[in-house]
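So the chains spell out like this:
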Amino acid sequence: ITSSKKRMYLSGTDWVINTLDHMMKSTTNSGNMSQIIFEMDSLLDEKLVRERLGVFVREFPALHGSVKRDFNLAPYWRLPEATSNDLDFTVYLVGEDSSQEEILSLFGKTANRPFKNENEHLAFHLIQKGKKESLFAMTFDHRLFDARGAEAFLDLFLQYSSGKEITGILNGVRLTAPADLSEWMDKFHAGRNVNRKMISLSKPAFETLPVPEGRDRGFKFHLVSFDVKDTEKIYDKAYSEAGYLMEMPYLLSVVMQAVHELFRNRGIAANNYMAPVTIDMRTRDDIREKLLLNHVSYLFFKVSAEETGDLKGIMKSVKCQMYEQVKAGLPKDLADASSLLRIAPLAFLGKVLHLPFGGKIASFLFSYLGKGPGQLSEFMGVKIKNLFHTPRVSVPPGFGFFFNYFNGHLNLVISYLDGLLLEEEILMLTTGIEEKLEASV
């Protein structure tokens, strides 16, 4: 089927992300958005940040693109005809004694604020905390970046801010992508494999928390950050218990135990829990080339309530499921099969995505971002202490656990729909997770 070599066509994964965006706009106060936050150990120069950010964004017209359909029905990212000078950059002044809860509450408002139009996908925020500290955040549309892509984009900006030539930095970022309108039989076979896996995962059923009514609800965030010493010991314990580089199964298993405690305290007789986990389909070497749009797939982990009493038993189950799904090629099958869904309108596809699990997507969402590319330690001469993500979550399930590693720190953000969890339940979850992880410290 004829297509243009000059266009950046959306993959099946991109179309699923667009579907989630459509669904979230109909069930919450905004779309499928996330936010990256830098913590600095001193004040940033507001004027200089605004100036350099404006130049950098103007040199990147794809940031102002929009989704359209080609004549061949394949969706693509249409680049704007003219470069936009619009820059959504807001500065907030707070007191030196402002608590972490107050800062996160402010960032909750920025993460929940809808973009102005279909061509706006980024917003930047600078919190000046008294005269000693700054926090810099980028809110981004998941249709434009996945989490790792957003990190890599900020890495490029930090390189430019440190004095590197902007043209050389943006060189190599791919602004085209094939339409992938061939090898139909392979895609149908992948779809058959995915369908069989979804059927097997759907029985027996898994539980979710009831979603509060009202579509104008936003998300709240709770952060737990481990210092360098404790992070090292947690990773040592993960490698000892689960195996080398098996921190994801270890962290997911600890979260499974905490979630079971939550459901039990709620009086919900859950027999099984389901958690999809995103995996990056890029190599470390091609992150710059594949900076834009989404390059992820998923693994699905199902654990019975009976297993949750034994952490090692959960880890064994999670690792076995991971090996089986990777060996069977499920992540690639999901990416290939989803290409067939691009012809479907977003509203229709939203209903299709709920079919395999009876209107549910998961008990909760889970993500782990390990050591990423770059991880620069300075921003315009100011030391970056930490970096973490505050993503909005698909509804249902309406809450998730998001771990990331940055410069020696392990961070956990619990993201949840306002009204889904009580404050004491958040405390119970974080206390339970911290105790289990720090039992190794």
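To start, this report covers the structure provided alongside it. (Residues numbered from 1 in each chain as written. Predicted model: local features only at pLDDT ≥ 70, side-chain atom pairs only at ≥ 80, totals over all residues. Heavy atoms only, no water.)

1. Structural notes on the overall build of the protein chain
Threshold: Where helices and strands are cited, they refer to DSSP runs of H or I of at least four residues and of E of at least two residues respectively, numbered from the N terminus. Here the globule rule reads 2.2 Å times residues to the power 0.38, and the radius of gyration is calculated from C-alpha atoms. Exposure categories follow from relative accessible area, calculated using a 1.4 Å probe and restricted to protein chains: below 20% of the type maximum is buried, above 50% is exposed, and the middle band is partly exposed. Note on definitions: a residue-residue contact is assigned when non-hydrogen atoms from the two residues lie within 4.5 Å. Each accessible area value is a Shrake-Rupley result obtained with a 1.4 Å probe; residue values ignore everything except the protein chains displayed when judging cover. Charged-residue counts in this description rest on Lys and Arg as positive and Asp and Glu as negative, His and the chain ends being excluded. Lysine's charge is taken at NZ, arginine's at CZ, aspartate's at CG and glutamate's at CD.
A tally of helices and strands in the protein chain yields 12 helices and 15 strands. In terms of overall size, the protein chain behaves like a compact globule, its C-alpha atoms giving a radius of gyration of 21 Å where 441 residues would be expected to give roughly 22 Å. For the protein chain, the proportion of its 441 residues judged to be buried stands at 56%. A sequence separation of at least 24 residues applies to 78% of the contacts in the protein chain between residues at least 6 apart. Carbon and sulfur atoms make up 53% of the accessible area of the protein chain, which totals about 19400 Å². Between the mean site of the 52 positive side-chain charges and the mean site of the 55 negative ones, the protein chain shows a separation of 5 Å.

2. Notes on the nonpolar core
Selection rule: Each nonpolar core is a collection of buried residues, namely Ala, Val, Leu, Ile, Met, Phe, Trp, Tyr and Cys, held together in the definition by side-chain atoms within 4.5 Å.
Ranked by size, the top nonpolar core spans 85 residues in total, and within it Leu252, Phe364, Phe366 and Phe401 carry the most contacts. Take this core: its biggest share by element is 11 residues, from helix H8 (residues 247-266). Excluding anything up to four places from it in sequence, Phe366 contacts Met248, Leu251, Leu252, Val255, Pro276, Val277, Thr278, Phe401 and Phe403. Membership of the second largest hydrophobic core comes to 49 residues, among which are Phe56, Leu122, Ile169 and Phe406.

3. What about helix H7 (residues 228-242)?
Selection rule: In a helix, the anticipated span is given by 1.5 Å times the number of residues less one. Think of it as the arc spanned by the lines of direction from the helix axis to the C-beta atoms.
The end-to-end C-alpha distance of H7 is 21 Å, a good match for the 21 Å that 15 residues give at a rise of 1.5 Å each. Buried residues of H7: Asp230, Thr231, Ile234, Tyr235, Ala238 and Ala242, and no others. Buried residues of H7, seen end-on, are gathered within an arc of 135° and therefore sit on one face of the element. Along H7, the residues that are exposed and aim more than 90 degrees away from the buried face are Lys229, Asp236 and Ser240.

4. What about the environment of Arg215?
On the secondary structure map, Arg215 appears in the loop between helix H6 (184-202) and strand E8 (219-226). Sequence separation between Arg215 and Asp141 is 74 residues; the distance between their C-alpha atoms is 19 Å. Beyond its immediate sequence surroundings of up to four residues, Arg215 is in contact with Lys25, Ser26, Thr27, Thr28 and Asn29.

5. Comments concerning the pattern of salt bridges
For clarity, the cut-off: Criterion for a salt bridge: a side-chain nitrogen of Lys or Arg within 4 Å of a carboxyl oxygen of Asp or Glu.
Inspection of every chain in the model, using the stated rule, returns 23 salt bridges. Among the ionic pairs, Arg143 bridges to Asp21, the shortest N-O distance being 3.8 Å. Placement of the pair is Arg143 in the loop between strand E7 (133-141) and helix H4 (147-161) and Asp21 in helix H1 (residues 12-27), with a sequence separation of 122 residues. The same class applies to Arg143 as to Asp21, namely buried. For Glu425, the salt bridge goes to Arg266, with nearest N and O atoms at 2.6 Å. Note that Glu425 is positioned in helix H12 (residues 423-438) and Arg266 in helix H8, a separation of 159 residues in sequence. Looking at Arg266, the relative accessible area reads 29%, which means it is partly exposed.

6. Remarks on H12
In a regular helix each residue adds 1.5 Å, so 16 residues correspond to 22 Å; H12 covers 22 Å between its end C-alpha atoms and thus fits that length. All of the buried residues along H12 are Glu425, Ile426, Leu429, Thr430, Gly432, Ile433 and Leu437. Looking down the long axis of H12, one finds its buried residues gathered within 160° of arc, a one-sided arrangement. Within H12, the exposed residues directed more than 90 degrees away from the buried face are Glu423, Glu424, Leu427 and Glu435. Considering only its buried residues, H12 is in contact with E8, H7, H8, strand E14 (399-406) and strand E15 (409-417).

7. Observations regarding the side chain of Thr28
What counts, and what does not: Identification of polar contacts relies on pairs of N or O atoms within 3.5 Å, with a donor-acceptor requirement for protein atoms, meaning one able to donate a hydrogen and the other able to accept it, and with residues adjacent in sequence counted only if both atoms are side-chain atoms.
Mapped onto the secondary structure, Thr28 falls in the loop between H1 and strand E2 (33-40). A relative accessible area of 2% places Thr28 in the buried class. A distance of 2.9 Å separates a polar side-chain atom of Thr28 from the backbone oxygen of Ser30.

8. Things to note about the sheet that holds strand E4 (residues 75-78)
Here is the rule: Between any two strands, at least two bridges found by DSSP are needed for them to pair.
Pairing is antiparallel in the open sheet, where 3 strands are placed in the order E1-E4-E3. Where the open sheet ends on each side, the last strands, each with one partner, are strand E1 (8-9) and strand E3 (66-69). Judged from the 2 bridges that link them, E1 and E4 form a sheet pairing that is antiparallel. What sits directly across from Met8, in E4, is Trp77.

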